[in-house]
Amino acid sequence: MSRFRMVAAAIIPILVLTACNVAASPSAPASPAGSPGTKFAGISVNILTFNGPQVAEPLQRRAPDWQHLTGGHVNVVAVGFQTIYDKALLDASTGTNSFDGYVFDPQWLGDFVGPDYLLDLTDRVTADTQLDWQDIGPFFRDFNATYNGKVYTIPLDGDFHMVYYRSDLLTKDGLKPPATWDDYMAIAQKYNGQDLNGDGEPDYGSCIAKKKGAQSYWWIISIAAGLLQGKGTNEGVFFDTADLTPLFGDNEAMAKALEMYAQTATVGPPDELNMDVGGTRGLFTTGRCALSMDWGDIGTLTPGTYAQDKTGATITPGWKEVLDRSSGNLVPCDGTTCPNAVDGVNYAPFASFGGWSGAINAASPKEQQDAAYDFLSYMSAPAQSGVDVTLGKTGYNPYRTSHFSNTQPWLDAGLSKAAADNYLGAIKASLENKNMVLDMRIPLTKRYQQDVLDTAVSQFLAGELDAAAAGKAIADGWNAISDEAGKDAQLEAYVSSLGVER
C-alpha cells in the first residue's frame, strides 16, 4: 500500500521547520570534518516536536551535522505544545503516518504503546555503542523510557521541578533557601515590592507560571505532591492505588495546595495568571524575582544575564503534614506517615513531564525507522547531549551520569564552578530522593491533566471556583474519564506504572 510522505490536510496548518535551512547558531559546533557519509543517503525522515523555540532548536541545529555523517535528511515539524499529542495520535491512528518519529512527552506512552503505534527499541538501545545506554540515569532509562518492561523512547532531556532563589539576597540577609512552602511564602513576602535589580522599579517576591493551556498544571502538582505522597515513589500521588480514588479531589491536602498556589500570585507580577514559563523565566533572569519554581532551564539561562552568579537552586519545598487517605484529612509527618522526611519536612520532588524523549513510528518503512533511530541516538549520545543540556536555548536538562561527572561543558557555557556545583547538586538531591513523584502515565493522561486539571485550577485562580469546588471538579472529571476507559483497566495501568505488585 502506498504511504503518504506529506503531512495530511487533517493536521495542517503546522509549522514545518526544515533543518537544513536553519541558520547555524554562533555556539553550535562546526560540522564534522571529513568526507560526507552515505549510510542513509537519499533517506528523508520527518520528526514531530514542540515549537518552543526550545526543544526543536537542538534538533534543527544538529540535523546538518548528522546529514554530513550519514547522508540522511531530517525535517523537524514543530507545533504548539497543546497540539502535539493530538497530531501525533491522529497521524498514527488514521494510518496517515506522516511522521517517522516523535520527540514528545513520555507520559503519553499509555496511549501509543497499546495500539502498537511505537517501535520497540529494547534490543537497539542495549546494543547501540553510540547511545551508551548505561550512561543514562536509572530513572530516565528504567522508568521514563520504559513501558511494560520494554523501551520505547530515547531520552533527550531530564525534567523535574526545582526552586530557584536569588542567592545574593538570601546571603546578604542571612536567610536559608526555603525548606517548606511556608518558608517560600515568608521569603517571597519579605522581598515583594523591593527593587531587586537596581533599576528603581519595585519587583516581585515570586514568579510562577499560571497561564491556562501553557503547561501550568505542572506547578499545582509540584505544590501538592508533598501533601499527598509520603511513603515513597510507589505510593503514587494522583490516585489511591487500592481503588483509583482521585487524590486530587475535595480533601484538605488539595485545598491547602490550591490556596498556596493562589497565595504565590499575591507576591508576583500583576498579570501572572496570564503568564507562561517563558514570561516568568524572563523576569527571573532580569533580576525581577526573588524566587521561582521551574524545570532545570533557569540554571542554564542565567549566564550573560543579571542573575548570573546571583542564582541558587534547591529541591522543591516540602510540607510537615501529609494526607491521611482514609479520612481525607491532613496529619502531622512522623516516622510512619513520612518515613523519608528530613528534619520533619516531607519532600516530594516531582518529575514534571520527565523529559522530552524520542520515539519511532512502528508503521514507517524500515529504512526510515533506521534513519530516525540513528538521528535520535546521535542527539542523545554523550558528546552531543553533554553540550546541549548546558545551553538554556535548548530546553534540555541533564539526564546522563556523564552530565554530572563532566563539569567542563557547564563551565564552557558560562556557569561558574560554584554555580554549576549548586545547580547539579540540587538536581541530584531531587533524583536521589526516595519520595520522588512519578508522572501519571496511563491511557488518556492528556485528558486527565491538560483538560480537566488545567481547567479546574484556572477556574480556581480566576475566582470562579473555591478550593472545595475545584477539588470536586477535578475528582468528578477524573472519575468520568476512568469510567469511560474502564476503571479496572486504568487502575491496573496506574499501579503497574508505579511498580506496585498486586
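Residues numbered from 1 in each chain as written. Predicted model: local features only at pLDDT ≥ 70, side-chain atom pairs only at ≥ 80, totals over all residues. Heavy atoms only, no water.

1. As for the nonpolar core
The following threshold applies: Take the buried residues of types Ala, Val, Leu, Ile, Met, Phe, Trp, Tyr and Cys, join any two whose side-chain atoms come within 4.5 Å, and each joined set is a nonpolar core. Think of it in three bands: with a 1.4 Å probe and only protein chains considered, a residue is buried below 20% of the maximum accessible area for its type, exposed above 50%, and partly exposed in between. Only DSSP runs of H or I covering at least 4 residues are called helices, and only runs of E covering at least 2 are called strands; the numbering of each starts at the N terminus.
Residues Phe238, Phe248 and Trp478 are the most contacted members of the largest nonpolar core, which totals 150 residues. Considering every element that reaches this core, the biggest residue donor is helix H8 (residues 217-228), with 10 residues.

2. Regarding helix H7 (residues 181-191)
In an α-helix, one turn spans 3.6 residues, which is why side chains three or four residues apart end up on the same side. Stated precisely, the cut-off is as follows: The directions from the helix axis to the C-beta atoms form the arc being described.
All buried positions along H7 are accounted for by Trp181, Tyr184, Met185, Ile187, Ala188 and Tyr191. All buried residues of H7 project into a common sector of 165 degrees when viewed along the axis, lining one side. Count one or two residues on from H7 and you reach Gly193, which has phi positive near 90 degrees.

3. Points about the pairing of strand E4 (residues 101-104)
Keep this limit in mind: The criterion for strand pairing is that DSSP finds at least two bridges linking the strands in question.
Alternating positions in E4 separate into two faces, Gly101 and Val103 on one and Tyr102 and Phe104 on the other, with burial throughout. Where strand E2 (residues 44-50) lies against E4, 2 bridges are found, and the strand directions are parallel. Looking at the pairing, Ile47 lines up with Gly101 of E4. Sheet topology places E4 next to strand E14 (residues 357-360); 4 bridges connect them, and they run antiparallel. Note that in E14 the partner of Tyr102 across the bridge is Ala359.

4. Describing the pattern of salt bridges
Filter applied, for reference: One side-chain nitrogen of Lys or Arg within 4 Å of one carboxyl oxygen of Asp or Glu is enough to make a salt bridge.
Within this structure, the stated rule accounts for 22 salt bridges. Among the ionic pairs, Arg61 bridges to Glu57, the shortest N-O distance being 2.6 Å. Placement of the pair is Arg61 and Glu57 together in helix H1 (residues 56-70), with a separation of 4 residues, close to one helical turn. Each member of the pair, Arg61 as well as Glu57, carries the same accessibility label: buried. Where Lys472 meets Asp476, a salt bridge forms, and the shortest distance between an N and an O atom there is 2.6 Å. Of this pair, Lys472 and Asp476 are both found in helix H18 (residues 467-485), 4 residues apart, which corresponds to roughly one turn of the helix.

5. With respect to the packing of aromatic side chains
Formally: Each Phe, Tyr or Trp ring, with Trp reduced to its six-membered ring, pairs with another whose centre is within 6.5 Å; inter-plane angles below 30 degrees give stacked pairs, above 60 give edge-to-face pairs, and intermediate values give tilted ones.
What the rule picks out here adds up to 33 aromatic pairs. For the ring pair Tyr102 and Phe104, a centre distance of 5.5 Å and an interplane angle of 15 degrees mean the geometry is stacked. Classification of Tyr102 by relative accessible area gives buried; the value is 1%. By relative accessible area, which is 0% here, Phe104 ends up buried.

6. Brief notes about the state of the cysteines
Definition in use: When two cysteine sulfur atoms are found within 2.5 Å, that pair is recorded as a disulfide.
For the structure shown, the criterion picks out 2 disulfides. Each sulfur of the disulfide joining Cys207 and Cys289 lies 1.9 Å from the other. Here the disulfide of Cys207 and Cys289 is left-handed, its torsion about the S-S bond being about -75 degrees. Here Cys207, found in strand E9 (residues 204-207), pairs with Cys289, found in strand E10 (residues 289-294); they are 82 residues apart in sequence, far enough to count as distant. Overall, the relative accessible area of 0% leaves Cys289 in the buried class. In this model Cys333 forms its disulfide with Cys338; the gap between the sulfur atoms is 2.1 Å. In this structure the cystine formed by Cys333 and Cys338 twists about its S-S bond by roughly -60 degrees; its chirality is therefore left-handed. Considered together, Cys333 and Cys338 belong to a single accessibility category, that of buried residues.

7. Some thoughts on the environment of Ile298
This is how it is decided: Contacts are residue-level and defined by heavy atoms, with any inter-residue pair within 4.5 Å sufficient.
By the secondary structure assignment, Ile298 is in helix H11 (residues 297-301). Accessibility expressed as a relative area gives 0% for Ile298, which makes it buried. Considering only alpha carbons, one finds Ile298 and Thr280, 18 residues apart in sequence, at a separation of 9.9 Å. Excluding residues that lie within four positions of it along the chain, Ile298 makes contacts with Tyr164, Arg281, Phe284, Ser292 and Thr311.

8. Structural notes on the environment of Val76
You can see Val76 is positioned in strand E3 (residues 73-79). On the basis of relative accessibility, which here comes to 0%, the residue Val76 falls in the buried class.

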